[in-house]
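Now for the letters of each chain:
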Amino acid sequence: MGEPAIVPGGRRHVLDLDDFAAEEISAVLETARSMQEVLGRRIKQVPALRGRTVVNMFFEDSTRTRISFEVAARALSAAIVNFSARGSSVEKGESLLDTVRTIEALGADVIVIRHAEAGVPQLVAHAFGGSVINAGDGRHAHPSQALLDLYTIHARFGSIAGLRVVIVGDVVHSRVVRSGLWGLTTMGARVTLVAPTTLLGPAAYWHATWPEVTVTTDLDRAIDGADVVMALRLQQERQDAGLLPSLGEYRRRYAITAERLARAAPHAIVMHPGPMNAGVEITPEVATAPQSVIEAQVGNGVAVRMALLYHLAGES
Amino acid sequence: MHTRQLLDREDIRRAVTRIAHQIVERNAGVTGLVLVGIRRRGLPLAHRIAAALLDIERHSVPVGVLDITLYRDDLGLRGPAPIVHATSIPVDITDRTVILVDDVLYTGRTTRAALDALSDIGRPARVQLAVLIDRGHRELPIHADYIGRVIPTARDERIETLLVEIDHAEDRVVLVRSEA
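Residues numbered from 1 in each chain as written. Chains lettered and ligands numbered in written order. Predicted model: local features only at pLDDT ≥ 70, side-chain atom pairs only at ≥ 80, totals over all residues. Heavy atoms only, no water.

1. Notes on the confidence of the model for chain B
Line of reasoning, step 1. For chain B, per-residue confidence averages 95 on the pLDDT scale, and residues scoring 70 or more make up 99% of the total.
Line of reasoning, step 2. Model confidence for the complex is summarised by a pTM of 0.91, with the ipTM given as 0.84. (pLDDT = per-residue confidence, 0-100.)

Rendered as structure tokens:
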């Protein structure tokens, strides 16, 4: 069988995927498959993390990621506490790290944190005696999203190595893309980033870290024969900042439409990390087409986050 | 380190055959039975018992596999988390007779975890336990219904089961005693 008996890595935190080897990613995906089976049982809860406490600290709005971690923690029988930045002592001027120490003193084992500033999860990891999972920090990283994307791709294709993955949209501002690139390149996918120049950033920037990635403004060429097409959310504020001439122009050149998708491989899948602007970066027709795995991504997110929580628990 | 062979390939084959006969007798046939092997070495044993039952009764019994990692009571106490492998039972276990299969029965904690897992998956009419070796030292009120061999052991001894399907070595059961 040749499978490792224990989780490789010996890690305490999940801050990004830059320190995940292929072996550890594979272990997370395998554990997530087992978690998916748990979620299909009569009783969708196992006692693995009974007695542990997970604290959700979301300083940025998020519905799906926060609830996904919450459902994942509950399915493992952990207690989950939602810390809301609004109305908390952080607003009264208590520093973030004081708050973290308070949460630690109250008995938390895991902090799941989202923050608009890149690097905050690292800071918290230094101050906190338990484990930290980064649920999105600024433009920096969003490792659990990247892992659920890898899981979704692997579930469809059976492997990731050699697949052609096209990521289209606001790549330069995207933490999903940065963590995604670590994961996808580690697993051997061939990635192309597509965006208008203002949202693409210089090719040299991407190549400094991921020399194997292709960078282009031409979606029609990039999508040719692609196995995976991932659209990113276009934030309204990008247009307000003058980075786009108009939404109509963006839609014409970069929206995933049925005609464009027809140029991808016949077995291609369409992904989106959500929340979608249907009608902008993707047409409603494509979003609900059989090639779309957007809904599966949400369900897979719970299984993958269960796997992460479980893997960290072995180290406490 | 002392090792002593307890069972050879033929002993294991005879034990599996005997367990299969006892299962048939106890359940008056094989109707409504499901064999569920506890990972890892319970699974090949469950397949072997199913093959023996097919020989005896000319009727095939479904075989599933159970991973009890998520039901262990020692997560985090023994270092890194064990990998969770798939649980897969091909039929609905509700109202059936489930025969749990494992290689060694020791403290009973693995069986306890397996019983908890089964009750989350369905509600069997009854659960029976088949093991190749019962080595004693129970820490919970659990006993086996079918036993290949009872082997009294000391706590500092270890039982190693080798099965060709997993270990790619000839079937045998060995007692290992580390010198203090």
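2. Here's the deal with the sheet that holds strand β4 (residues 131–137) of chain A
All names here are of chain A.
Line of reasoning, step 1. Overall, parallel pairing links the four strands, which are arranged β2-β1-β3-β4 in an open sheet. Two strands in the sheet have a free side with no partner beyond their single neighbour: β2 (79–84) and β4. Neighbour to neighbour, the strand axes of the sheet diverge by 15 degrees on average, direction disregarded.
Line of reasoning, step 2. Here strand β1 (residues 53–58) runs beside strand β3 (residues 110–115); their pairing, made up of five bridges, is parallel. Directly across from Val 54, in β3, lies its bridge partner Val 110.
Line of reasoning, step 3. Relative to the sheet, helix α3 (residues 96–105) contacts β1, β2 and β3, its axis offset from that of β1 by approximately 160 degrees. (Pairing = 2+ DSSP bridges. Helix = DSSP H or I, 4+ residues; strand = E, 2+ residues; numbered from the N terminus. Axes fitted to C-alpha atoms, helices over the stretch in contact; angles between N-to-C directions. Contact = heavy atoms within 4.5 Å.)

3. Observations regarding the interface of chain B and chain A
It is common to report an interface's size as the accessible area lost on association of the parts.
Line of reasoning, step 1. Between chain B and chain A, the contact holds 24 residues from the first and 30 residues from the second.
Line of reasoning, step 2. Across the chain B/chain A interface, buried area totals approximately 2,300 Å², and carbon plus sulfur atoms make up 55% of it.
Line of reasoning, step 3. Contact with chain A buries surface across chain B, with B:Leu70, B:Leu75 and B:Ile83 losing the most and accounting together for 29% of the total.
Line of reasoning, step 4. Here chain B and chain A share zero salt bridges between them.
Line of reasoning, step 5. Our enumeration of links across chain B and chain A arrives at nine residue pairs in polar contact (both at pLDDT 80 or more).
Line of reasoning, step 6. Among the elements that make up the side of chain B that touches chain A, the one with the highest residue count is helix α3 (residues 109–121) of chain B (four residues). (Buried area = accessible area lost by both parts, 1.4 Å probe. Salt bridge = Lys/Arg side-chain N within 4 Å of Asp/Glu carboxyl O. Polar contact = N/O pair within 3.5 Å; in protein donor to acceptor, adjacent residues only side chain to side chain.)

4. Some remarks on the domain arrangement of chain A
Residue and element names in this part refer to chain A.
Line of reasoning, step 1. Domain boundaries assigned for chain A yield domain 1 (22–142 + 298–313) and domain 2 (143–293).
Line of reasoning, step 2. Placing the centre of domain 1 and that of domain 2 at their C-alpha centroids yields a distance of 26 Å.
Line of reasoning, step 3. With 26 residues of domain 1 at the interface, the matching set in domain 2 holds 24 residues.
Line of reasoning, step 4. Taken together, both faces of the contact between domain 1 and domain 2 bury some 2,000 Å²; the carbon and sulfur share is 62%.
Line of reasoning, step 5. A salt bridge links Glu 60 to Arg 175; the shortest N-O distance between them is 3.0 Å.
Line of reasoning, step 6. Our count for the contact surface shared by domain 1 and domain 2 stands at 11 residue pairs in polar contact (both at pLDDT 80 or more).
Line of reasoning, step 7. Within the residue set of the side of domain 1 that touches domain 2, elements represented by two or more residues are α1 (22–39), α2 (64–75), β3, β4 and α14 (294–313).
Line of reasoning, step 8. Per element, the largest residue contribution to the side of domain 1 that touches domain 2 is eight residues, and it comes from α1.
Line of reasoning, step 9. For the side of domain 1 that touches domain 2, the per-class residue count stands at nine nonpolar, 10 polar and seven charged. (Domains from an automatic or database assignment. Nonpolar A, V, L, I, M, F, W, Y, C, P; charged D, E, K, R; others polar.)

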